[in-house]
Amino acid sequence: KLTALPFATVDIPALPAGFIILWYAAIFVVSGYCLFKPWLKRTAAAILVVGMAAILVIPSLTQEKTLEIYFADVGQGDAILISTPEGTHYLVDTGKVYSTDELERVLKSQGIYLDGLFLTHADNDHIGGAETLLTDGLAAHLYLPYAGRNTFDLKTDTWTTYLEKGDTMNLSDSVALKVLSPAGDMDDENKNETSLCLLISYKDYRVLLTGDINLNVENDIMDEVGDIDVLKVTHHGTKYGSSPAFLTAVTPEIAVITCGENNYGHPAPQTLYNLADACDIIYRTDLNGGIMMSFGDTIKAVPVLPN
């Protein structure tokens, strides 16, 4: 295909609606259809150009920069975009193969190049779009669980780091990440047990991303997690996770269940009961669409319904 050739296509970020309106107004002002006097045309055109520049520049200067985490609606799967105040971007999982086009559209429309791609484990509903994103050059660095390294079959030359329990890294100057699981010597026979479990810290906020860990792993990590603000519920709300003991230990205020149409009974009624008893707010991507969270003076969560 010709579109596969380098520079055959160019992606640009979406422009604000106000900019587009002023752009067409400027075209009209300088056209022959506008009956303004020449000096008035020049003045009006200059004002419109200044207005367009202000629309592009002022928001970036005045808007408070905060951590943003977007739990994408990719059906029965995970894809979580982390954008730091310093402008770095990381994606945790990529959903199924059919999610790839939507993920690329979101990234390219926002002008986002990924500083890193974390794949929690090798199930298709978490890595389906990974190879395409890597092949298309949208991620600089790949992070995989060391314990589950042999379960991945990715064809990529992307710089790869293998993570294990206790590893830490800075996603930016203000955002830190800690790996809570898996330990390096864990048996990779069960891919869910070797899911990367990641604790994100920003100011006083803490967000726990659990991949598809099960009750055994929850029991192993709950004493070291401490209080959290947001919990990405494990394994799409399976009955084999989110136990009352775990939820009591980590005390999440907000829970996010990433799920879609499935034959597994996700989210399980018992899990929903446990979460309702432990959390103030529960979001489900199958009901609410994607969830955009920003962490300012408070946590602001905005559902992003599908088009």
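Residues numbered from 1 in each chain as written. Predicted model: local features only at pLDDT ≥ 70, side-chain atom pairs only at ≥ 80, totals over all residues. Heavy atoms only, no water.

**Focus: the pattern of salt bridges**
Two side chains that carry opposite charge are able to pair once their charged atoms sit near each other. The condition is simple: Criterion for a salt bridge: a side-chain nitrogen of Lys or Arg within 4 Å of a carboxyl oxygen of Asp or Glu. By definition, any uninterrupted DSSP run of H or I lasting at least four residues is a helix, any uninterrupted run of E lasting at least two residues is a strand, and each is numbered from the N terminus. We call a residue buried when its accessible area falls under 20% of the maximum for its residue type, exposed when it is over 50%, and partly exposed in between, using a 1.4 Å probe and counting protein chains only.
By the definition in use, this model includes six salt bridges. Residues Arg105 and Glu102 are paired through a salt bridge, measuring 2.7 Å at the closest nitrogen-oxygen approach. Of this pair, Arg105 and Glu102 both sit in helix 3 (residues 100–109), three residues apart, which is roughly one turn of the helix. A relative accessible area of 39% means that Glu102 is categorised as partly exposed. One salt bridge connects Lys165 with Glu224, and the closest N-O pair in it is separated by 2.4 Å. Here Lys165 is found in the loop between strand 6 (160–163) and strand 7 (168–170), whereas its partner Glu224 is found in helix 6 (residues 215–225), with 59 residues between them in sequence.

**Considering the side chain of Asp212**
Our working definition: Positive charge is attributed to Lys and Arg, negative charge to Asp and Glu, and no charge count is given to His or to the chain ends. Here a polar contact means two N or O atoms within 3.5 Å. Within protein one must be a hydrogen donor candidate and the other an acceptor candidate, and residues neighboring in sequence count only if both atoms are side-chain atoms. Note on contacts: a residue pair is in contact if any heavy atoms of the two residues lie within 4.5 Å.
Relative to the helices and strands, Asp212 resides in the loop between strand 10 (205–209) and helix 6. Lacking a salt bridge, the buried Asp212 has Lys232 as its closest oppositely charged neighbour, with an N-O distance of 4.7 Å. Within the structure, Asp212 has its side chain in polar contact with the side chain of His121 (distance 3.1 Å). Of note is the side chain of Asp212, whose polar atom sits 3.4 Å from the backbone nitrogen of His235. Not counting chain neighbours up to four residues away, the residues in contact with Asp212 comprise His121, Asp123, His126, Asn192, Ser195, Thr234, His235 and His236.

**A short note on the side chain of Thr88**
Here Thr88 lies in the loop between strand 2 (80–83) and strand 3 (89–92). A distance of 2.6 Å separates polar atoms of two side chains, one belonging to Thr88 and the other to Thr84. At 2.8 Å, the side chain of Thr88 forms a polar contact with the backbone oxygen of Leu171. Dropping the residues within four chain positions of it, Thr88 is found in contact with Ile82, Ser83, Asp115, Leu171 and Ser172.

**As for unusual backbone geometry**
For the bond running from Ser181 to Pro182, omega is 5 degrees, close enough to zero to count as cis. Along the chain, the position of Pro182 falls in the loop between strand 8 (175–181) and strand 9 (197–202). The omega angle of the peptide bond from His266 to Pro267 is -10 degrees, so this bond is cis rather than trans. Within the secondary structure, Pro267 sits in the loop between strand 12 (254–257) and helix 8 (269–278). The phi angle at Lys203 is positive, at roughly 50 degrees, despite the residue not being glycine.

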